[in-house]
Amino acid sequence: MSDTGGSSAEDGGEGSESGPTDGDVLETDGEGAFDPIEVFPETGEPDLRPGADDCYKCSTCDTNCPVAAVDEEFPGPKFQGPEQWRLKRREDHDIDPSITKCSNCMRCDHACPTGVPLSQQHNTARAEYVAQQVSRFSREYWRNRLLANYGTMARLGSRVPRLTNAVMGLSATKWLNERVLGITSEREFPEFATETFREWWADRGGARVSSEEKRIAYFHGDYANYNTPEVGKALVRVFESFGYEVAVPDQRCSGTPMFANGMLEDARRAATFNVEAFRELVEDGYDVVCSCTSCSFALRQEYLELFDLKGVETVATNTYDAVEYLRIYEDLEGALAEASGDDGQPAAFAYHTPCHARNQGLDGQTVELGDAVDGLEVHDVGDSCSGISGTYGWKRERYETSMTIGAEMFEHIERADADTGLTECPTCAMQMEHGTGYEVRHTLEVLADVLLEQ
Ligand code: SF4
Ligand code: SF4
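Here's what I pulled together on the structure shown here. Predicted model only: the values in this text are computed from it and were never measured.

Every second residue of strand E3 (residues 287–290) is oriented toward a common face, with Asp 287 and Val 289 on one face and Val 288 and Cys 290 on the other, all of them buried. The pairing of E3 with strand E4 (residues 319–321) spans three bridges and is classified as parallel. Following the sheet pairing, Val 288 is matched in E4 by Thr 319.

Printed below as a string of structure tokens:
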């Protein structure tokens, strides 16, 4: 960068009264080196402008955006990403409030052919919008803070799960939540388990398999801990059946709902804790394995894009989705084929790939596993977005958009020759249940059934 901080008429840059014309030779410093013009001064913050410059305006991201498809007022990811960051070259430019309509599904990030860092740009824009343009005294701020910190609410609620479930199920509670907080009353709150995953883990005495060579550290996240411990139990049992020693370190929320609500400082605290906890285990030979594809997406991509933490790259490069891990390091298809037989009841599932799984290249893996098992049918319901995107579909003003986006998936599930849903994302599962009334299971639960209960 130039030391002068800008161009001048003398250096022949922008603003020169007599710029170079055809046939002129650009003046150099005498050694043939061209001294570039510093148009934008250094700020010390991540510079997202080079990524914005990689955009050649093909609009592929816009055509892949589920919100833009159903809301004609939403300007789309090209605007939220590269165009917004180009505008920010002018220091007085505010973030456009339409960033709050983005659901954080990250389909645009996956679709971009030139690798524009749309995920990083959206998360940063959302955080800047919340920090600078949303009042700390507004309902929007407190509602979003509450949703972003689901783990804190869940920790309290799961101390008295039956009472919490009863209170949260009351019509009066839903009515109050909608009127006071702006949380939709259309949805049923997910129930808290009477025993969390971590309580189960402690009661069984932790790992039952020891191994020097095969060791994984399980990132369960909040939902598998407080709401669906059966998913975490299935993961532990399946990995132990392959001879893995499982560690379950202390951990916090992956940060996914915090990113989606622009609560970047909350996410930074969670990421700092998690990276520190898992980095030490990775250095001891463990790989990090997640049962939720949004958690693995956060640990693998969002932490790296947003936080400069010691060990963040070590954790990111050693993090896997649980099913992906077994497909890479074990003969999962072979084990399933061997375990399945005529004894098992035929089962058919309508499978939805979560957007964050698709972003990690994991689409297709569950359907392929289904092919390996006699009597198991896994019907792919297509590549549409479920529409809920974590906390997005819980906001009163986003509920209709969320359901309109989900309509294609609901229809495909109902058309599939199956009466149970299947997915790896807990909030996609909520949306599938809400839109169809089907029971929805996690792939790990089905793997555990086939591998361990013959
Ligand atoms: S993250 Fe999803 S909703 Fe947001 S702009 Fe990208 S595709 Fe659209
Ligand atoms: S897909 Fe990528 S290159 Fe195309 S408009 Fe969107 S950000 Fe730009």
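Continuing now.
This paragraph deals with the site of ligand 2. Around ligand 2, the structure places 14 residues, and the nearest of them are Cys 55, Cys 58, Ser 59, Cys 61 and Cys 112. Put simply, the parts of the chain that give the shell around ligand 2 at least two residues each are helix H2 (60–63) and helix H4 (77–87). When grouped by side-chain class, the residues that make up the shell around ligand 2 number nine nonpolar, three polar and two charged.

On to unusual backbone geometry, then. Its identity as a non-glycine residue notwithstanding, Lys 57 has a phi of 60°, on the positive side. Residue placement: Lys 57 occurs in the loop between helix H1 (49–53) and H2. The backbone of Ser 59 shows a phi angle near 70°, a positive value even though the residue is not glycine. By secondary structure assignment, the location of Ser 59 is in the loop between H1 and H2. We classify Ser 59 as partly exposed; its relative accessible area is 23%.

What follows concerns the environment of Asn 149. By the secondary structure assignment, Asn 149 is in the loop between helix H7 (139–148) and helix H8 (150–157). Each C-alpha atom, one on Asn 149 and one on Met 263, is 9.2 Å from the other, the two residues being 114 residues apart in sequence. The residues contacting Asn 149, other than those within four sequence positions of it, are Met 258 and Asp 266.

The next point concerns a nonpolar patch on the surface. Taken together, the side chains of Val 160, Leu 163, Val 167 and Leu 170 make up a nonpolar region of the molecular surface, amounting to roughly 340 Å² of accessible area. Note on Val 160: relative accessible area 42%, which makes it partly exposed.

What counts, and at which threshold
- Residues numbered from 1 in each chain as written.
- Chains lettered and ligands numbered in written order.
- Predicted model: local features only at pLDDT ≥ 70, side-chain atom pairs only at ≥ 80, totals over all residues.
- Heavy atoms only, no water.
- Buried < 20%, exposed > 50% of the residue type's maximum accessible area, 1.4 Å probe, protein only.
- Helix = DSSP H or I, 4+ residues; strand = E, 2+ residues; numbered from the N terminus.
- Pairing = 2+ DSSP bridges.
- Near = heavy atom within 4 Å.
- Nonpolar A, V, L, I, M, F, W, Y, C, P; charged D, E, K, R; others polar.
- Contact = heavy atoms within 4.5 Å.
- Patch = residues over 30% accessible without salt bridge, like charges linked within 9 Å, V, L, I, M, F, W, Y side chains within 5 Å.
- Areas by Shrake-Rupley, 256 points an atom, 1.4 Å probe, with all protein chains shown as cover.
- Salt bridge = Lys/Arg side-chain N within 4 Å of Asp/Glu carboxyl O.

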